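# Chains, contacts and geometry: an overview
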Amino acid sequence: MKSLLLLSLLAFAVVAEYEYDGDVMVLTEETFDQAFNEFDYLMFEFYAPWCGHCKELAPKYAEAATALRPEGIVLAKIDATVQKKLAEKYGVKGYPTIKFSVKQAVKDFEGGRTADGIKNWIYSNLNPESEQLETFEQVNEAIAQNHVQFVYFAEEQSEKDRELRKYKEFSFTMKQHFAHTTSKTIREGLNIPKGTYFVGFRNQKPYYYQGKLSFPIMRTFVENVANERVQEYSEKKEQLDERITKSKPFVVVFSDEQEVQVAAQAWSFQDELLFIKNVDEEFTRKIQVRSQDQKGVFIIKGDQRFKRVEGQSVGEFLEAFQSGKAHKYLKSQAAPQQQGLVKILIGDTYDTARSVNDSVILYYDSQNEEHNAVQEQFLKVAERLQQNKQLTFNKIDLSQNEVSDLGESVEIVKIRLYKNNQPIKFVIRANKIQEERFVKWIVDNAANQVVDPKAEL
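Overview of the structure. This structure is a prediction, so every number in the text was calculated from the model and none was measured.

Scoring rules and cut-offs
- Residues numbered from 1 in each chain as written.
- Predicted model: local features only at pLDDT ≥ 70, side-chain atom pairs only at ≥ 80, totals over all residues.
- Heavy atoms only, no water.
- Helix = DSSP H or I, 4+ residues; strand = E, 2+ residues; numbered from the N terminus.
- Rg over C-alpha atoms; globule rule 2.2 N^0.38 Å.
- Buried < 20%, exposed > 50% of the residue type's maximum accessible area, 1.4 Å probe, protein only.
- Contact = heavy atoms within 4.5 Å.
- Core = buried A, V, L, I, M, F, W, Y, C linked by side-chain atoms within 4.5 Å.
- Pairing = 2+ DSSP bridges.
- Axes fitted to C-alpha atoms, helices over the stretch in contact; angles between N-to-C directions.
- Phe/Tyr/Trp six-rings, centres within 6.5 Å; stacked < 30°, edge-to-face > 60°.

### Overview of the overall build of the protein chain
Each helix and strand in the protein chain was counted, giving 17 helices and 21 strands. A globule of 457 residues ought to have a C-alpha radius of gyration of about 23 Å, yet the protein chain, at 31 Å, is considerably larger. With respect to the principal axes defined by its C-alpha atoms, the protein chain has extents near 115 × 55 × 40 Å. Across the 457 residues that make up the protein chain, the buried fraction comes to 46%. Counted over contacts in the protein chain with a minimum sequence separation of 6, partners at least 24 positions apart contribute 70%.

### Examining the nonpolar core
The biggest cluster of nonpolar side chains holds 23 residues, and the ones touching the most others in it are Val360, Phe378, Leu385, Phe393, Ile415, Phe438 and Ile442. Mapped by element, the contributors of at least two residues to this core are β18 (359–364), α15 (369–384), β20 (414–419) and α16 (435–445). In this structure phenylalanine 393 touches Leu341, Val342, Lys343, Val360, Phe378, Val381, Ala382, Leu385 and Ile442, once residues within four positions along its chain are discounted.

### A look at helix α7 (residues 162–172)
By the burial criterion, the buried members of α7 are Leu164, Tyr167, Lys168, Phe170, Ser171 and Phe172. Elements in contact with the buried residues of α7: β5 (97–102), β8 (148–153), β9 (177–181), β10 (198–202) and α9 (215–226).

### Some words on the side chain of glutamine 312
With respect to the helices and strands, glutamine 312 occurs in the loop between β16 (304–307) and α13 (314–322). Classification of glutamine 312 by relative accessible area gives buried; the value is 19%. Apart from residues no more than four positions distant in its own chain, glutamine 312 is found in contact with Lys307, Phe317 and Ala320.

### So, the sheet that holds strand β3 (residues 41–47)
Within a sheet, adjacent strands bond to each other through the backbone by hydrogen bonds, running parallel or antiparallel. Taken in spatial order, the 6 strands of this open sheet run β1-β2-β4-β3-β5-β6, and their pairing is mixed. Strands at the two margins of the open sheet, each flanked by one partner only, are β1 (19–21) and β6 (105–108). Across this sheet, the average inter-strand angle for adjacent strands is 30°, counted without regard to direction. As paired strands, β1 and strand β2 (residues 24–26) are joined by 3 bridges and run antiparallel to one another. Residue pairing for β2: tyrosine 20 is matched across the bridge by methionine 25.

### Digging into the packing of aromatic side chains
Under the definition given, this model contains 31 aromatic pairs. For the pair tyrosine 18 and phenylalanine 39, a centre-to-centre distance of 5.8 Å together with 50° between the ring planes defines the contact as tilted. Taken together, the residues span a long stretch of sequence, with tyrosine 18 in the loop between α1 (2–13) and β1 and phenylalanine 39 in the loop between α2 (32–38) and β3 at a distance of 21 residues. A single burial state applies to tyrosine 18 and to phenylalanine 39, both of which are buried. Taking 6.0 Å as the distance between ring centres and 40° as the angle between the ring planes, the aromatic pair formed by phenylalanine 46 and tyrosine 90 counts as tilted. Residue phenylalanine 46 is found in strand β3, and its partner tyrosine 90 is found in the loop between α4 (84–89) and β5; the two are separated by 44 residues along the sequence. Per residue, the accessibility class of phenylalanine 46 equals that of tyrosine 90, and both read buried.

Spatial relationships are all this shows, so hold off on functional conclusions.
Set out below in structure tokens:
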């Protein structure tokens, strides 16, 4: 009977053996969970066999694995092209993607891609567990001694509080100072607002975390409290590229104004709005901000750009963006060197042109061959009616410019005539202009009398 019981226990104790490539553990969907739960400190890299960056990293990653393995820190790798469910679980979009688990709390690797860079980053992220503080004096001392200090104010006698346990687990993944207290007296002594439990102190000034504890939001909160809100572009290049791809907003500061610093510091500490200064010329071209405008403050969200308008404070600009009322900054190509009978409009000159009575505007895409054929037809009508000096013919390339009052796509060419600052639309079919119908439409709709020479013959 005893031998049967022993065999049963041994059967339950069977675990998968790990495969190694040198000192780097090779994980699969079958072995990952076991390793994740077994090792307190586990770094895991998702790679693709064909990825050049992964091949370049491999010897450096192996060197770091050899150095850290004796310390109980495991470095592992996962072939994301094979272990697809695991890659999907961790949101892998590119290679290599590296994560680090500290007692099952996972954070993204943000260190240098060298053996020393990996080791130093890991050492800086082995944060001790949140310290329990029991007296008012201990809390005050922690806040005074540390440039940045985070404190969780639990309810009295609530060491088993689930939120407190979550806070402790989170503290492992961050490198700042974390503490907690269960004293209601301390909470009241520091005038912590009701409903607030997690507080960040920067230079002894409190910033309050509102709402339920969520690791992603907590991480943003901690980073925003701990870091200067207006950060150097050189330190955030990769993060900004990701934000553009995912259409997440960030603020670009072209002048290091004190007002920007103040507004950034006052801005919500739980949002994901980055404030970036000292961007380079390549990135400025990428976000399509013209050189003459590189003195202000912009918000970039995907392919949309918003600019602070004259007379608007930075704080008002940020609030306008949050409420969907910020002024949109429109793309505009360089001004044309020469003009012909059909005037070339750009984003910067469009609003002036459309405010003039009897301004006829052709909206097209220069990348579309059919649209280029329509331009020739449009020019022919302009030549026919050119004796009507009050009538102006214009065109704007919407592949290079944005306009304020046209939201539709330009798969089909658009034509408008502006009268009293209001557009009258000409219906065009199959990207072709029927000349006689177009001329008659202009004659019938223009604010001023239009003479058609052909009609007089």
